[in-house]
Amino acid sequence: MAVHFLSTTLTFNRPGVGTWRVNFAKPIISAGANIQGFDIGFAPDDHELRTLSIKVQNVEWSGTEVIGEVVFLLQDDSDHEGKGTITVGVAAELE
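Residues numbered from 1 in each chain as written. Predicted model: local features only at pLDDT ≥ 70, side-chain atom pairs only at ≥ 80, totals over all residues. Heavy atoms only, no water.

(A) Highlighting the nonpolar core. Membership of the largest hydrophobic core comes to 15 residues, with the highest contact counts inside it found for Trp20, Phe24, Val66, Val70 and Val90. Secondary-structure elements contributing two or more residues to this core are β1 (2–12), β2 (16–23), β5 (65–76) and β6 (83–94). For this core, the element with the highest residue contribution is β6, accounting for 5 residues. Those residues in contact with Val66, other than ones at most four positions away along the chain, are Trp20, Arg21, Val22, Phe24, Ile28, Ala31, Val59, Glu60, Trp61 and Val90. (Core = buried A, V, L, I, M, F, W, Y, C linked by side-chain atoms within 4.5 Å. Buried < 20%, exposed > 50% of the residue type's maximum accessible area, 1.4 Å probe, protein only. Helix = DSSP H or I, 4+ residues; strand = E, 2+ residues; numbered from the N terminus. Contact = heavy atoms within 4.5 Å.)

As structure tokens, then:
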């Protein structure tokens, strides 16, 4: 049995929850996911950061597919909302 890795990127135009899914070549024995990277900010000008939260949640797998969610929150002191991209790394032990 071997561990295989895939990644997927979600784009957020404002804070929210995004669903992702990846498919492996063989049935999955176990799987996990984490934040692999992000590129976030405010547009068009500079803002004072108040809240930043990025998390992966509700990771499940069935057959060859892993599915989960990313929760993204970026706000400044004036309640302006940020945007960006979040890359999720997925590791799976395959049959």
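(B) Structural detail: the side chain of Asp76. Counting through the fold element by element, Asp76 comes out in strand β5. Nearest to the buried, unbridged Asp76 among oppositely charged side chains is Arg50, at 6.4 Å. A polar contact of 2.9 Å, which involves the side chain of Asp76, links it to the backbone nitrogen of Ser78. From its side chain, Asp76 meets the backbone nitrogen of Asp79 in a polar contact 3.0 Å long. (Lys, Arg positive; Asp, Glu negative; His and termini not counted. Salt bridge = Lys/Arg side-chain N within 4 Å of Asp/Glu carboxyl O. Polar contact = N/O pair within 3.5 Å; in protein donor to acceptor, adjacent residues only side chain to side chain.)

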